[in-house]
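Structural characterization, general
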Amino acid sequence: MVGLKLPTIIAVTIVLLNQTISFAEEEQRLIRAEKMWFSSQHKKAFRLMEPLAEEGNSKAMYILGQMYMNGDGVQHSDEMTKKWWGKASSAGNLGATVSLANLLIASGNTEEKRKGVLLLEEAADFDDASVQFDVGVQYMMGTNVKQNFSKAFEYFQKSSLNGNEDAKCILSYFYQHGLGVSKNAIEASKLMNDLKKSNCGEGEFRIGQYSHLNKDYSEAIKWFTKSILNGNPHAITNLGCM
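Residue positions are counted from 1 within each chain, in the order its sequence is given. Side-chain atom pairs in this predicted model are given and counted only at pLDDT of 80 or more, local residue features only at pLDDT of at least 70, and totals for whole chains, interfaces and linings cover all residues. Hydrogens and water molecules were not included; the side-chain quantities draw on all heavy atoms of the structure.

**Structural notes on the pattern of salt bridges**
- For salt bridges, the criterion is a side-chain nitrogen of Lys or Arg within 4 Å of an Asp or Glu carboxyl oxygen. Tallying each qualifying case throughout the model produces 10 salt bridges.
- In this structure, the salt-bridge partner of Lys151 is Glu121, at a minimum N-O distance of 3.3 Å. Pair noted here: Lys151 is in helix α8 (residues 149-161) and Glu121 is in helix α6 (residues 110-124), with a separation of 30 residues, a long-range link.
- In this structure Lys151 comes out as partly exposed when scored by relative accessible area, which is 26%.
- Take Glu121: its relative accessible area is 11%, and that puts it in the buried class.
- Across the pair Glu165 and Lys168 runs a salt bridge, and its minimum N-O distance is 3.5 Å. Taken together, the residues Glu165 and Lys168, both in helix α9 (residues 165-177) and 3 residues apart, mark about one turn of the helix. In this text, helices come from DSSP runs of H or I with a minimum length of four residues, and strands from runs of E with a minimum of two, each type numbered from the N-terminal end. The buried label goes to any residue with under 20% of its type's maximum accessible area, the exposed label to any with over 50%, and the partly exposed label to all in between, with areas taken from a 1.4 Å probe on protein chains only.

**Some thoughts on helix α11 (residues 201-213)**
- By this rule the span expected of a helix is its residue count minus one, scaled by 1.5 Å. When the terminal C-alpha atoms of α11 are compared, their 18 Å separation across 13 residues agrees well with the 18 Å that a helix rising 1.5 Å per residue should span.
- Within α11, the full set of buried residues consists of Gly201, Gly203, Glu204, Phe205, Ile207, Gly208, Tyr210 and Ser211.
- By definition in these notes, contact holds between two residues if any of their heavy atoms fall within 4.5 Å. Summarising the contacts, the buried residues of α11 are in contact with α7 (129-141), α8, α9, α12 (217-229) and α13 (233-240).
- One or two positions beyond α11, positive phi appears at Lys215, with a value near 60°.

**Some details on a nonpolar patch on the surface**
- Exposure above 30% relative accessible area and the absence of a salt bridge qualify a residue for a patch, where like charges join within 9 Å and nonpolar side chains (Val, Leu, Ile, Met, Phe, Trp, Tyr) within 5 Å. Using a 1.4 Å probe, accessible areas were evaluated by the Shrake-Rupley method; residue-level cover was limited to the displayed protein chains. There is a patch of nonpolar side chains on the surface, built from Tyr217, Ile221 and Met242 and spanning about 270 Å² of accessible area.
- Along the chain, Tyr217 turns up in helix α12.

**Structural notes on the packing of α12 against α13**
- Between the N-to-C directions of two axes lies an angle of 0 to 180 degrees, each axis being a line fitted to C-alpha atoms and, for a helix, fitted only over the stretch in contact. With their axes 8 Å apart at the nearest point, α12 and α13 run at an angle of 145° to one another. Two packed elements cross with a definite hand, and for α12 against α13 that hand is left-handed. Along its contact with α12, which presents Ile221, Phe224, Thr225, Ser227 and Ile228, the element α13 presents Ala235, Ile236, Asn238 and Leu239.
- Polarity classes work like this: nonpolar for Ala, Val, Leu, Ile, Met, Phe, Trp, Tyr, Cys and Pro, charged for Asp, Glu, Lys and Arg, and polar for all others, with Gly in that last group. Across the contact of α12 with α13, the residue classes break down as 6 nonpolar, 3 polar and no charged. Helix crossings are classified by the rotation of the near helix relative to the far one: an anticlockwise turn of less than a right angle makes the crossing left-handed, while a clockwise turn makes it right-handed.

**What to know about the state of the cysteines**
- The term disulfide is used for any two cysteine sulfur atoms that are within 2.5 Å. The final tally for this structure, using the stated rule, is 0 disulfides.
- No disulfide involves Cys169; its sulfur sits 3.7 Å from that of Cys200, the nearest cysteine.
- The class of Cys169 is buried, set by a relative accessible area of 1%.

**Brief notes about the packing of aromatic side chains**
- In summary, the pairing rule links any two rings of Phe, Tyr or Trp, Trp by its six-membered ring, whose centres are within 6.5 Å, and it sorts them by plane angle into stacked for under 30 degrees, edge-to-face for over 60 and tilted for everything else. The final tally for this structure, using the stated rule, is 11 aromatic pairs.
- Seen in terms of ring centroids, Tyr62 and Trp85 are 6.2 Å apart; in terms of plane orientation they differ by 45°. Their pairing is tilted. Placement of the pair is Tyr62 in helix α3 (residues 58-70) and Trp85 in helix α4 (residues 78-90), with a sequence separation of 23 residues.
- Assessed through its relative accessible area of 23%, Tyr62 is described here as partly exposed.
- Among the aromatic residues, those joined into a cluster by ring pairs are Phe133, Phe149, Phe156, Tyr173, Phe174, Tyr210 and Trp223.

Structural data, given as C-alpha coordinates:
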(Lines give C-alpha, C1' and ligand atoms only; values in the text may rest on other atoms or scores of the structure.)
Protein backbone atom coordinates (compact mmCIF):
# COMPACT_ATOMS: atom_id res chain seq x y z
CA MET A 1 0.00 0.00 0.00
CA VAL A 2 2.92 2.31 -0.80
CA GLY A 3 1.81 5.93 -1.40
CA LEU A 4 -1.53 5.54 0.37
CA LYS A 5 -2.38 7.82 3.26
CA LEU A 6 -2.91 6.31 6.73
CA PRO A 7 -6.72 6.82 6.81
CA THR A 8 -7.00 5.00 3.45
CA ILE A 9 -4.82 2.13 4.66
CA ILE A 10 -6.95 1.79 7.80
CA ALA A 11 -10.18 1.82 5.76
CA VAL A 12 -8.91 -0.84 3.35
CA THR A 13 -7.70 -2.99 6.25
CA ILE A 14 -11.10 -2.77 7.96
CA VAL A 15 -12.88 -3.81 4.72
CA LEU A 16 -10.57 -6.80 4.25
CA LEU A 17 -10.98 -7.82 7.89
CA ASN A 18 -14.76 -7.64 7.65
CA GLN A 19 -14.70 -9.76 4.48
CA THR A 20 -12.55 -12.38 6.23
CA ILE A 21 -14.90 -12.48 9.23
CA SER A 22 -17.94 -12.72 6.94
CA PHE A 23 -16.38 -15.62 4.99
CA ALA A 24 -15.52 -17.47 8.21
CA GLU A 25 -19.06 -17.03 9.52
CA GLU A 26 -20.50 -18.31 6.23
CA GLU A 27 -18.25 -21.39 6.40
CA GLN A 28 -19.42 -22.12 9.94
CA ARG A 29 -23.05 -21.84 8.89
CA LEU A 30 -22.40 -24.22 6.01
CA ILE A 31 -20.67 -26.71 8.29
CA ARG A 32 -23.64 -26.64 10.70
CA ALA A 33 -26.09 -27.17 7.83
CA GLU A 34 -24.04 -30.07 6.46
CA LYS A 35 -23.86 -31.73 9.88
CA MET A 36 -27.64 -31.54 10.14
CA TRP A 37 -27.98 -33.03 6.65
CA PHE A 38 -25.52 -35.85 7.27
CA SER A 39 -27.27 -36.73 10.53
CA SER A 40 -30.64 -36.93 8.70
CA GLN A 41 -32.05 -33.84 10.42
CA HIS A 42 -33.27 -32.84 7.00
CA LYS A 43 -35.82 -30.15 7.80
CA LYS A 44 -33.39 -28.27 10.04
CA ALA A 45 -30.67 -28.69 7.42
CA PHE A 46 -32.93 -27.30 4.72
CA ARG A 47 -33.79 -24.23 6.82
CA LEU A 48 -30.07 -23.56 7.30
CA MET A 49 -29.01 -24.41 3.73
CA GLU A 50 -31.57 -22.40 1.78
CA PRO A 51 -30.44 -18.92 2.97
CA LEU A 52 -26.82 -19.81 2.20
CA ALA A 53 -27.80 -20.85 -1.31
CA GLU A 54 -29.83 -17.66 -1.75
CA GLU A 55 -26.74 -15.69 -0.71
CA GLY A 56 -24.74 -17.31 -3.52
CA ASN A 57 -22.71 -20.02 -1.78
CA SER A 58 -22.06 -22.50 -4.62
CA LYS A 59 -21.66 -25.53 -2.36
CA ALA A 60 -24.91 -24.70 -0.57
CA MET A 61 -26.63 -24.35 -3.96
CA TYR A 62 -25.34 -27.77 -4.98
CA ILE A 63 -26.45 -29.42 -1.73
CA LEU A 64 -29.84 -27.68 -1.86
CA GLY A 65 -30.33 -29.15 -5.33
CA GLN A 66 -29.45 -32.56 -3.93
CA MET A 67 -31.97 -32.08 -1.13
CA TYR A 68 -34.70 -31.33 -3.67
CA MET A 69 -33.62 -34.39 -5.64
CA ASN A 70 -33.74 -36.68 -2.60
CA GLY A 71 -36.76 -35.03 -0.95
CA ASP A 72 -34.62 -34.29 2.12
CA GLY A 73 -36.59 -31.88 4.30
CA VAL A 74 -38.55 -30.65 1.30
CA GLN A 75 -40.84 -32.13 -1.35
CA HIS A 76 -38.98 -33.73 -4.25
CA SER A 77 -38.80 -31.47 -7.30
CA ASP A 78 -36.85 -32.05 -10.50
CA GLU A 79 -37.39 -28.43 -11.51
CA MET A 80 -35.96 -27.05 -8.23
CA THR A 81 -33.10 -29.53 -8.49
CA LYS A 82 -32.29 -28.25 -11.98
CA LYS A 83 -32.61 -24.66 -10.80
CA TRP A 84 -30.12 -24.97 -7.94
CA TRP A 85 -27.68 -27.26 -9.72
CA GLY A 86 -27.82 -24.82 -12.65
CA LYS A 87 -26.98 -21.90 -10.38
CA ALA A 88 -24.17 -23.84 -8.68
CA SER A 89 -22.82 -24.91 -12.06
CA SER A 90 -22.79 -21.30 -13.27
CA ALA A 91 -20.87 -20.43 -10.10
CA GLY A 92 -18.18 -22.97 -11.04
CA ASN A 93 -19.20 -26.00 -8.96
CA LEU A 94 -17.96 -29.05 -10.90
CA GLY A 95 -20.07 -31.53 -8.92
CA ALA A 96 -23.22 -29.56 -9.75
CA THR A 97 -22.31 -29.43 -13.44
CA VAL A 98 -21.83 -33.21 -13.61
CA SER A 99 -24.97 -33.93 -11.56
CA LEU A 100 -27.11 -31.61 -13.69
CA ALA A 101 -25.66 -33.11 -16.87
CA ASN A 102 -26.51 -36.65 -15.76
CA LEU A 103 -30.01 -35.60 -14.71
CA LEU A 104 -30.66 -34.05 -18.13
CA ILE A 105 -29.20 -37.06 -19.95
CA ALA A 106 -31.50 -39.36 -17.97
CA SER A 107 -34.58 -37.33 -18.94
CA GLY A 108 -36.97 -38.35 -21.70
CA ASN A 109 -36.46 -35.07 -23.53
CA THR A 110 -34.15 -35.19 -26.56
CA GLU A 111 -33.13 -31.54 -26.27
CA GLU A 112 -32.36 -31.93 -22.56
CA LYS A 113 -30.22 -34.99 -23.33
CA ARG A 114 -28.15 -32.94 -25.78
CA LYS A 115 -27.79 -30.13 -23.25
CA GLY A 116 -26.65 -32.69 -20.70
CA VAL A 117 -23.88 -33.96 -22.97
CA LEU A 118 -22.74 -30.38 -23.64
CA LEU A 119 -22.58 -29.76 -19.89
CA LEU A 120 -20.50 -32.92 -19.46
CA GLU A 121 -18.12 -31.59 -22.10
CA GLU A 122 -17.79 -28.35 -20.13
CA ALA A 123 -17.00 -30.35 -17.01
CA ALA A 124 -14.45 -32.44 -18.93
CA ASP A 125 -12.42 -29.26 -19.47
CA PHE A 126 -11.49 -29.46 -15.77
CA ASP A 127 -9.38 -32.56 -16.60
CA ASP A 128 -11.56 -34.93 -14.60
CA ALA A 129 -10.76 -38.40 -15.96
CA SER A 130 -14.13 -39.94 -15.08
CA VAL A 131 -16.07 -37.10 -16.72
CA GLN A 132 -13.89 -37.31 -19.83
CA PHE A 133 -14.62 -41.04 -19.93
CA ASP A 134 -18.37 -40.40 -19.67
CA VAL A 135 -18.25 -37.92 -22.55
CA GLY A 136 -16.35 -40.45 -24.62
CA VAL A 137 -19.06 -43.02 -23.92
CA GLN A 138 -21.75 -40.59 -25.08
CA TYR A 139 -20.07 -40.06 -28.45
CA MET A 140 -19.23 -43.75 -28.77
CA MET A 141 -22.82 -44.89 -28.25
CA GLY A 142 -24.51 -42.05 -30.11
CA THR A 143 -27.79 -42.48 -28.22
CA ASN A 144 -28.04 -38.93 -26.83
CA VAL A 145 -25.87 -37.11 -29.38
CA LYS A 146 -24.82 -37.87 -32.93
CA GLN A 147 -22.33 -40.73 -32.91
CA ASN A 148 -18.81 -39.42 -33.43
CA PHE A 149 -15.92 -41.87 -33.02
CA SER A 150 -13.28 -39.16 -33.52
CA LYS A 151 -14.64 -37.16 -30.58
CA ALA A 152 -15.07 -40.33 -28.55
CA PHE A 153 -11.44 -41.25 -29.22
CA GLU A 154 -10.34 -37.74 -28.22
CA TYR A 155 -12.09 -37.91 -24.86
CA PHE A 156 -11.00 -41.49 -24.12
CA GLN A 157 -7.44 -40.46 -24.86
CA LYS A 158 -7.67 -37.49 -22.46
CA SER A 159 -9.20 -39.73 -19.82
CA SER A 160 -6.49 -42.34 -20.31
CA LEU A 161 -3.75 -39.72 -19.95
CA ASN A 162 -5.39 -38.70 -16.67
CA GLY A 163 -5.11 -42.25 -15.38
CA ASN A 164 -8.41 -43.90 -16.33
CA GLU A 165 -7.74 -47.57 -17.11
CA ASP A 166 -11.23 -48.16 -18.51
CA ALA A 167 -10.55 -45.50 -21.14
CA LYS A 168 -7.32 -47.27 -22.05
CA CYS A 169 -9.28 -50.48 -22.59
CA ILE A 170 -11.66 -48.76 -25.01
CA LEU A 171 -8.77 -47.04 -26.80
CA SER A 172 -7.28 -50.46 -27.47
CA TYR A 173 -10.61 -51.55 -28.97
CA PHE A 174 -10.74 -48.39 -31.11
CA TYR A 175 -7.24 -49.02 -32.46
CA GLN A 176 -8.10 -52.65 -33.15
CA HIS A 177 -11.24 -51.78 -35.13
CA GLY A 178 -10.23 -48.41 -36.59
CA LEU A 179 -12.89 -46.38 -34.78
CA GLY A 180 -12.07 -42.67 -34.82
CA VAL A 181 -8.43 -43.51 -35.59
CA SER A 182 -6.50 -45.57 -38.14
CA LYS A 183 -6.28 -49.28 -37.36
CA ASN A 184 -3.14 -50.03 -35.41
CA ALA A 185 -2.78 -53.58 -34.09
CA ILE A 186 0.56 -52.78 -32.43
CA GLU A 187 -0.89 -49.87 -30.45
CA ALA A 188 -3.97 -51.93 -29.56
CA SER A 189 -1.79 -54.76 -28.27
CA LYS A 190 0.46 -52.38 -26.35
CA LEU A 191 -2.51 -50.82 -24.55
CA MET A 192 -3.97 -54.22 -23.65
CA ASN A 193 -0.60 -55.40 -22.31
CA ASP A 194 -0.49 -52.31 -20.08
CA LEU A 195 -3.87 -53.36 -18.71
CA LYS A 196 -3.01 -56.94 -17.78
CA LYS A 197 -2.74 -56.12 -14.07
CA SER A 198 -5.60 -53.62 -14.05
CA ASN A 199 -9.33 -53.91 -13.54
CA CYS A 200 -11.14 -52.31 -16.46
CA GLY A 201 -14.60 -53.80 -15.94
CA GLU A 202 -16.37 -50.55 -16.81
CA GLY A 203 -14.51 -50.22 -20.10
CA GLU A 204 -15.31 -53.82 -21.01
CA PHE A 205 -18.94 -53.22 -20.05
CA ARG A 206 -19.17 -50.20 -22.36
CA ILE A 207 -17.65 -52.16 -25.26
CA GLY A 208 -20.26 -54.84 -24.58
CA GLN A 209 -23.00 -52.20 -24.71
CA TYR A 210 -21.61 -50.82 -27.96
CA SER A 211 -21.47 -54.32 -29.49
CA HIS A 212 -25.03 -55.05 -28.37
CA LEU A 213 -26.19 -51.74 -29.85
CA ASN A 214 -24.70 -52.85 -33.17
CA LYS A 215 -26.36 -56.28 -32.90
CA ASP A 216 -22.99 -58.03 -32.64
CA TYR A 217 -24.30 -60.31 -29.91
CA SER A 218 -21.41 -62.77 -29.75
CA GLU A 219 -19.02 -59.84 -29.25
CA ALA A 220 -21.35 -58.34 -26.65
CA ILE A 221 -21.44 -61.62 -24.70
CA LYS A 222 -17.64 -61.82 -24.79
CA TRP A 223 -17.17 -58.32 -23.38
CA PHE A 224 -19.98 -58.55 -20.83
CA THR A 225 -18.42 -61.80 -19.58
CA LYS A 226 -15.02 -60.14 -19.23
CA SER A 227 -16.64 -57.27 -17.36
CA ILE A 228 -18.42 -59.68 -14.99
CA LEU A 229 -15.13 -61.41 -14.22
CA ASN A 230 -13.76 -57.98 -13.30
CA GLY A 231 -16.64 -57.43 -10.88
CA ASN A 232 -19.00 -55.16 -12.81
CA PRO A 233 -22.59 -55.88 -11.62
CA HIS A 234 -24.20 -53.96 -14.50
CA ALA A 235 -22.71 -56.45 -16.96
CA ILE A 236 -24.55 -59.29 -15.19
CA THR A 237 -27.88 -57.49 -15.74
CA ASN A 238 -27.13 -56.77 -19.40
CA LEU A 239 -25.97 -60.31 -20.09
CA GLY A 240 -29.06 -61.71 -18.38
CA CYS A 241 -31.31 -59.65 -20.64
CA MET A 242 -29.80 -60.99 -23.86
